[in-house]
Amino acid sequence: MRVATDIGGTFTDLVFFDYDKKNKEVTNVKVSKASTTPGEFEKGILNAIKKIELDLSTIEFFAHGTTVVINAITERKGSKTALITTQGFRDVLEIGRGTRPDLYNFNFKKEAPFVERYLRQEIQERINYLGEIVTPLNTDNIDDLLHYFIDEGVESIAICLLHAYKNPIHEKKLCEIIKQKYPQIQVIASHEVTREWREYERTSTTVLSAYVKPIATKYLNNLAHNLQKQGYHHNLYIMQSNGGITTVDDVKANPITLIESGPASGMLGGVVLGRTINKQNLIILDIGGTTAKCSLIENGVPKIVTTYNIEKTKTQAGFPILTPVIDIVEIGNGGGSIAWIDSGGKMRVGPHSAGASPGPSSYGKGGTSLTTTDANVICNRIHKDYFLGGELKPDFDNIEKAAAPLQKELKMSTAEIARGIIRIANSNMVNALKSVSVNKGYDPRDFSLVVIGGGGPMHGAYLAEELQIPEVIIPLNAGVFSAFGMLMSDLRRDYIRTDVLDLKQTNLNSLQKVFDEMEKESIHAYKKDNYEKEVIHFEYYLDLRYNGQEHSVKLKLNDVKKLNLKEIQDDFHLLHQKRYTFKLEDTIIEIVNYHLVAEVKVNKPLIGKVEAKNTSVEDALITTENVDFDQQGIFLSHFYDREKLSPNMVIQGPAIIVENSTSTVIPPNCECSVDDYANIIICKKNKK
């Protein structure tokens, strides 16, 4: 049996299934949801396990995605961190970049660095951009420096020396000294995090990884220990932001790779689903309790970016992170997003969330704010008997109390406010979907929309209509699909190095040499986890740019052993034209970064077809009640049990399809069908 868990801002999801090793098909899928337990996240997982009385001794594979890293950063609950850097560079974090999204925006501000200036200390050394030692490392005052940090209560130290991406010899020496003399302090150096250039971004990434290292290490150790106590005795695999899984020890060495751990798995699950049903162009939307995440998949391949920003908005600079991440746009708009009135008297929804505790007002657990979930309950799009999988009855009295301030301010009824909340939430999510499609030159009409998470199936049809997307796909167990995606992941490690060279025939040997060195590094790392060279699959990428440019584009190489210069140049020109709408064929092309992906294929299950049941649509009917569809009106609608639906069934809207982890809304102008894999496919009704 196989298990995956995904910790979200509101709920912790668990999915497990039996796995037929002969035909690789999934059988006996079961899911569980429990409230997330901030501060002690492992308890939410244990509660989800206990809820379904899962015997961990029968489990052979356990994958886990977590928000512990992103939460620690956004909530400023990481460890007290210090920075050691090259003499003269202690203020790199403060200076940052001079770029700003809007030149005339007087509300723009830079956030305070995660390391205060008195904890940013310098050391005498210097390596130039060629990797040559200009000033040898002077460690005469290292003991005094470390004693100072200890006296100040520092728990973690980040080391980022100038041009260490080219030659990390001084960083390695410092790490060795600190680990030997002061093992109680966590330490991480920039070359262990990234070998990319850009001093500010590299320093920011190293500091953030150090900031979360103690809390992530403690959390993962506690989780592994508790799972072992309950009978699980195999490797625990952790979902990374790059769409691959890895071992606990690998993550503890550089926890910043978990920055988008949970969302990445949902996107990867969507890719696997698309390949199964032969849909290569997808826009995937994951609406959880706190946020909504979306990503665009072209030709069945997720887009990986190596520079990522958190907390970057129109008024905030945010913090850059150099780590491979599936290209995801995330907004604070989920089921728990709170409706509020701004200074201009307009209603807004999010980004603040009611979270797991106290949660939406409908939970009746002390929540005093009206949320998107409450709005769906008011409109009866979430049936009162199937709220949270039927475990809880909505507290309608508390909903009215939460709506009262909005009623007074807006002079509207509760029903009108609920419709407005859903409309605003949909508008926010449409903007997010546009940012990964229209804003990047893609036509949404050429894609299918896959909606997952607890909120995705409730909003998907409306978002597709706004963007003219022809169909919406709701996979089986959509509410816990991110957890399911982890079980479809391979082990993956990314190695990136900066070495700026002109792309010409005489430099191709140097290019091959860099990739060869990175291959050896990856083979050594995997060997520690008992994986031999023969099982490692390599992919090779170059970040290329025209001479004089600032930014580059990533190009996959077909064969690094037999490089064809003209083929690489032609491919780059085409890629650059697609990305930036122009090409400069007579301009010198530069290599900026070398990117090696080292994967170990996991014996993954297949999404199998579902046998048709000898039943009719009427057998799945639960009840018939009025549902508010906003501008379309209030309609008498059928509610269906998804577990009783069968392939080839067709349901006409208006209708609601309920399951344990979510509800699917079929508007009056839509219909849905069930395919061979039990996916629900929503599209517009044919006009006769």
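Refer to the structure presented above.
In what follows, the accompanying structure is described.

What counts, and at which threshold
Residues numbered from 1 in each chain as written. Predicted model: local features only at pLDDT ≥ 70, side-chain atom pairs only at ≥ 80, totals over all residues. Heavy atoms only, no water. Helix = DSSP H or I, 4+ residues; strand = E, 2+ residues; numbered from the N terminus. Polar contact = N/O pair within 3.5 Å; in protein donor to acceptor, adjacent residues only side chain to side chain. Contact = heavy atoms within 4.5 Å. Phe/Tyr/Trp six-rings, centres within 6.5 Å; stacked < 30°, edge-to-face > 60°. Buried < 20%, exposed > 50% of the residue type's maximum accessible area, 1.4 Å probe, protein only. Lys NZ or Arg CZ within 6 Å of the ring centre and 35° of its normal. Salt bridge = Lys/Arg side-chain N within 4 Å of Asp/Glu carboxyl O. Pairing = 2+ DSSP bridges. Axes fitted to C-alpha atoms, helices over the stretch in contact; angles between N-to-C directions. Core = buried A, V, L, I, M, F, W, Y, C linked by side-chain atoms within 4.5 Å. Parallel < 35°, antiparallel > 145°, perpendicular 65-115°, else oblique. Left-handed = near helix turned anticlockwise from the far one by under 90°. Nonpolar A, V, L, I, M, F, W, Y, C, P; charged D, E, K, R; others polar.

## Some words on the side chain of Arg-195
- Within the secondary structure, Arg-195 is located in the loop between α6 (190–193) and α7 (199–229).
- Here Tyr-165 takes part through its backbone oxygen, which lies 2.7 Å from a polar atom of the side chain of Arg-195.
- Discounting chain neighbours no more than four positions away, the residues touching Arg-195 are Ala-164, Tyr-165, Lys-166, Pro-168, Ile-496, Arg-497 and Thr-498.

## Some details on the packing of aromatic side chains
- Under the defined criterion, the tally for this structure stands at 14 aromatic pairs.
- Here Phe-515 and Tyr-594 contribute two aromatic rings whose centre-to-centre distance is 5.8 Å and whose plane-to-plane angle is 80 degrees, an arrangement assigned as edge-to-face. With a gap of 79 residues between them, Phe-515 in helix α15 (residues 508–528) and Tyr-594 in strand β26 (residues 589–600) connect regions that are remote in the sequence.
- Residue Phe-515 is classed as buried on the basis of its relative accessible area, which comes to 1%.
- Classification of Tyr-594 as buried rests on a relative accessible area of 0%.
- An aromatic cluster of at least three residues, connected via ring pairs, comprises Phe-515, Phe-538, Tyr-540 and Tyr-594.
- When the ring centre of Phe-61 is taken as reference, the NZ or CZ atom of Arg-2 above it lies at 4.9 Å.
- Here the basic side chain of Arg-579 rests over the ring of Tyr-580, its NZ or CZ set 5.1 Å away from the ring centre.

## Brief notes about the pattern of salt bridges
- If you walk through the whole model with that rule in mind, you get 38 salt bridges.
- Across the pair Asp-490 and Lys-601 runs a salt bridge whose closest N-O atoms are separated by 3.6 Å. Here the residue Asp-490 occupies a position in the loop between α14 (481–486) and β23 (491–502), and Lys-601 occupies one in the loop between β26 and β27 (621–628), the gap between them amounting to 111 residues.
- The partner of Glu-599 in a salt bridge is Lys-601, with the nearest N and O atoms 3.3 Å apart.
- By sharing partners, the salt bridges in this structure join Asp-91, Glu-94, Arg-117 and Arg-120 into a single network.

## Quick word on the pairing of strand β25 (residues 553–557)
- Burial of β25 is one-sided: the residues Val-553, Leu-555 and Leu-557 facing one way are buried, the residues Lys-554 and Lys-556 facing the other way are not.
- Bridge count for strand β24 (residues 536–546) against β25 is 5 bridges, and the pairing is antiparallel. Bridge pairing in β25 links Tyr-541 to Lys-556.
- Hairpin geometry of β24 and β25 is characterised by an intervening segment of 6 residues between the two adjacent antiparallel strands and by a positive phi of about 95 degrees at Gly-548.

## Describing the sheet that holds strand β6 (residues 120–123)
- The 4 strands are arranged β6-β5-β9-β10 in an open sheet whose pairing can be described as parallel. Two strands in the sheet have a free side with no partner beyond their single neighbour: β6 and β10 (186–189). For this sheet, the mean inter-axis angle between neighbouring strands, taken without regard to orientation, is 20 degrees.
- Looking at chain direction, strand β9 (residues 156–160) and β10 are connected through 4 bridges and run parallel.

## Some details on the nonpolar core
- The biggest cluster of nonpolar side chains holds 73 residues, and the ones touching the most others in it are Ile-73, Ile-84, Ile-157, Ile-159 and Ile-259.
- Of all hydrophobic cores here, the second largest spans 68 residues; its members include Phe-17, Met-488, Leu-511 and Tyr-531.

## Notes on the packing of helix α1 (residues 41–51) against α7
- Axis separation between α1 and α7 bottoms out at 9 Å; the angle between their running directions is 25 degrees. Considering the angle they form, α1 stands roughly parallel to α7. Helix-helix and strand crossings are classified by hand; for α1 and α7 the assignment is right-handed. On the side of α1, the interface is formed by Phe-41, Glu-42, Ile-45, Leu-46 and Ile-49, while α7 contributes Tyr-219, Asn-222, Leu-223, Asn-226 and Leu-227.
- For the contact of α1 with α7, the residue count by class is 7 nonpolar, 2 polar and 1 charged.

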